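# Remarks on the overall topology
Residues per chain, in single letters:
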Amino acid sequence: MNASHVLIIEDNKLLATGLQQNLEFEGYSTSVAHTGSDGMRIATECSSALIVLDLMLPDVDGFSILETLRARGVDTPVLVLTALGNETDKVRGFRAGADDYVTK
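Since we're looking at a predicted model, the values are computed, not measured.

### Structural notes on the packing of aromatic side chains
In this structure the tally under the stated criterion is 1 aromatic pair. Judged by centre distance (6.3 Å) and plane angle (45°), the ring pair of phenylalanine 94 and tyrosine 101 falls under tilted. Residue placement shows arginine 92 over the ring face of phenylalanine 63; its charged tip is 3.9 Å from the ring centre.

This is the structure:
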């Protein structure tokens, strides 16, 4: 695991850039994926200390990404960062394997 690398999977390019800049300012290296398929590829190819995951992506929803990563044995901590704030979505996120859940 690369203890200073964060993968951001977020389709909103302005938000992704803001997160990336702030994390890099704090000394982290980052990778950004704007689609679920790119995020899955990066998550399985490089090790990260953390994955920041949006749930509403243009091609694959974040719940599916999270379930697939966990099924493949990827145990990287995942912080869900999403606009979906109802209790049902939060429970679904934690059941899929999220380590934390934050609404935008």
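Once the structure has been displayed, the description carries forward.
### Description of helix 2 (residues 36-45)
Within helix 2, the full set of buried residues consists of Gly36, Gly39, Met40, Ile42 and Ala43. Next to the buried residues of helix 2 lie strand 1 (5-9), strand 2 (29-33), strand 3 (50-53) and helix 3 (62-71).

### What about the nonpolar core?
One finds Ile9, Ile51, Leu53, Leu66, Leu69 and Val80 to be the most contacted residues of the largest nonpolar core, which totals 20 residues. Elements with a minimum of two residues in this core: strand 1, helix 2, strand 3, helix 3 and strand 4 (78-82). Here the element with the most residues in this core is helix 3; it accounts for 4 residues. Membership of the second largest hydrophobic core comes to 6 residues, among which are Ile8, Ala16, Leu23 and Val52.

Calculation rules
- Residues numbered from 1 in each chain as written.
- Predicted model: local features only at pLDDT ≥ 70, side-chain atom pairs only at ≥ 80, totals over all residues.
- Heavy atoms only, no water.
- Phe/Tyr/Trp six-rings, centres within 6.5 Å; stacked < 30°, edge-to-face > 60°.
- Lys NZ or Arg CZ within 6 Å of the ring centre and 35° of its normal.
- Buried < 20%, exposed > 50% of the residue type's maximum accessible area, 1.4 Å probe, protein only.
- Helix = DSSP H or I, 4+ residues; strand = E, 2+ residues; numbered from the N terminus.
- Contact = heavy atoms within 4.5 Å.
- Core = buried A, V, L, I, M, F, W, Y, C linked by side-chain atoms within 4.5 Å.

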